[in-house]
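Descriptive analysis of the structure
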Amino acid sequence: MSDFIPAAKPIIGDEEREAVDRVLRSGMIAQGPEVAAFEREFAEHFVGGRESVAVNSGTSGQHLGLLAAGVGPGDEVIVPSFTFAATGNSVALTGATPVFVDIEPNYFTLDPEAVRAAITPRTKGIMPVHLYGHPFLVDQIEAIANEHGLAIYEDAAQAHGASWKGRRAGTFGDFAMFSLYPTKNMTSGEGGMVSCATAEIARNMRLLRNQGMEKQYENEVIGFNTRMTDIHAAIGRVQLTKVDAWTAQRQRNAAALNAGLGELAGVQIPLVADEAVHVYHQYTVRLDAGERDRIHVALREEHNIGSGVYYPIPNHRLLPLAKFAPGLDLPETERAAREVLSLPVHPSLGEGDIERIVAAVAATLRAGA
Ligand SMILES: *Cc1c(COP(=O)(O)O)cnc(C)c1O
């Protein structure tokens, strides 16, 4: 059988190894100058210099970002259900209520009309997700937020470098969380980066990640230890120098997959809004529900190709989050959970790999016809 093509593949080179070694040899490995430099470089690279705060995971960043923006018990935050559990969890962890709403069918992002319908006097903000690396419907969501005086908190975990009408993901909300988990478009091992709209939110973030202290032993609030280490920051700094080339390769891979899969009956290739630059954290097709599971299994078992279902169970039906959504029915979310399949698009793929993926999907479709 041909070599396995994984669904995702982090790329770690000699430069990352040397950077880690440099930090290890320095003897100073906890949060220090590497983290400070990474924050500045990340901010310049992705969010036009907007102050950014590094933490130990995207989830921590999302949780602390909400706290830093003043979200707490009694508040409601409108979130999509069709996302990773961290989105709903981070709201619930603040003591606020995640209000799950449906997605629009084209880009799998928050449905503006559903958002509008979910607003109550307790709504504090909206947390849209730039799912798969495609921006949410920025104009419409911003218009609703402005009209109702609501904050936007961005889940940009998958959207490093994405943009909407030339405006960059990570600059739309009071804060925006980027994940640096290994399978994301760039990594620090584990980690998160939070770009902040105001100096106050950034300062709150810095307090919360470090036991509530700005000055050692002068605690101002009750805080966490969610610091990033210099070891992780050193990896992230190197990855920053490579991520644009990787994104361009993801986009070329997506174009090649589109060319191969676009003509196949039964496959809906990823749509991209005219206003959007998509960074293809995932390359996600829609298939008929029964076909999706069959192709997912056949790719692995017959063709040695990994693929992924993101996400098979929407947030509002996950055991710990379902209590926030009694009796809720989100038809587009449920349909997406049955129909989506993410095929490999990562930058290590060669032309031959793309041809294999296209041929495997085509053969499996034919075999089931
Ligand atoms: C990865 C991810 C997160 C969480 O990031 P971690 O770094 O894994 O904690 C949150 N939301 C979405 C949509 C993600 O994909």
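Note that the structure is predicted; figures quoted are calculated from it, not measured. (Residues numbered from 1 in each chain as written. Predicted model: local features only at pLDDT ≥ 70, side-chain atom pairs only at ≥ 80, totals over all residues. Heavy atoms only, no water.)

**Quick notes on the pattern of salt bridges**
Using the criterion set out here, one finds 24 salt bridges in the structure. Of the charged contacts, one joins Arg300 and Glu301 as a salt bridge, the two residues approaching to 3.9 Å between their closest N and O atoms. Arg300 gets classed as partly exposed once you look at its relative accessible area, which sits at 41%. Accessibility expressed as a relative area gives 51% for Glu301, which makes it exposed. (Salt bridge = Lys/Arg side-chain N within 4 Å of Asp/Glu carboxyl O. Buried < 20%, exposed > 50% of the residue type's maximum accessible area, 1.4 Å probe, protein only.)

**A few points about the environment of Thr241**
Tracing the sequence through the fold places Thr241 in the loop between helix 8 (230–240) and helix 9 (243–261). Residues Thr241 and Lys9, 232 residues apart in the sequence, show an inter-C-alpha distance of 18 Å. A distance of 2.6 Å separates a polar atom in the side chain of Thr241 from the backbone oxygen of Val238. (Helix = DSSP H or I, 4+ residues; strand = E, 2+ residues; numbered from the N terminus. Polar contact = N/O pair within 3.5 Å; in protein donor to acceptor, adjacent residues only side chain to side chain.)

**Here's the deal with the pairing of strand 3 (residues 97–101)**
Across the five residues that make up strand 3, a large majority, four, are buried. Sheet analysis places strand 2 (residues 76–80) next to strand 3, joined by five bridges and oriented parallel. Bridge assignment links Ile78 to a residue of strand 3, and that residue is Val99. Read from strand 2 through helix 4 (residues 85–93) to strand 3, the crossover connection turns out right-handed. (Pairing = 2+ DSSP bridges. Right-handed = clockwise from strand over helix to strand, strands pointing away.)

**Details of the sheet that holds strand 12 (residues 283–287)**
Read across the sheet, three strands follow the order 10-12-13 without closing on themselves; strand pairing throughout is antiparallel. The outermost strands of the open sheet, each flanked by one partner alone, are strand 10 (267–268) and strand 13 (340–343). Bridge count between strand 10 and strand 12: two bridges; the pairing is antiparallel. Bridge pairing links Gln268 to Arg286 in strand 12.

**A closer look at the site of the ligand**
Taken together, 17 residues surround the ligand, and among them Gly58, Thr59, Gln158, Ser179 and Lys184 come closest. A distance of 2.8 Å is found between an oxygen atom of the ligand and a backbone nitrogen or oxygen belonging to Gly58. At 2.8 Å from an oxygen atom of the ligand is found a side-chain nitrogen or oxygen belonging to Gln158. Against a free-state accessible area of 380 Å², the protein chains account for coverage of 93% of the ligand. Applying the majority rule of atoms within 2 Å of the grid points places the ligand in the largest pocket. Elements that contribute at least two residues to the shell around the ligand include exactly helix 3 (58–68), helix 4 and strand 8 (175–179). For the shell around the ligand, the leading source of residues is helix 3, giving three residues. (Near = heavy atom within 4 Å. Areas by Shrake-Rupley, 256 points an atom, 1.4 Å probe, with all protein chains shown as cover. 1 Å grid on protein atoms, 1.4 Å probe; cavity = no way out; pocket = protein on both sides within 12 Å on 5 of 7 lines; lining within 4 Å. Sits in = over half its atoms within 2 Å of the grid points.)

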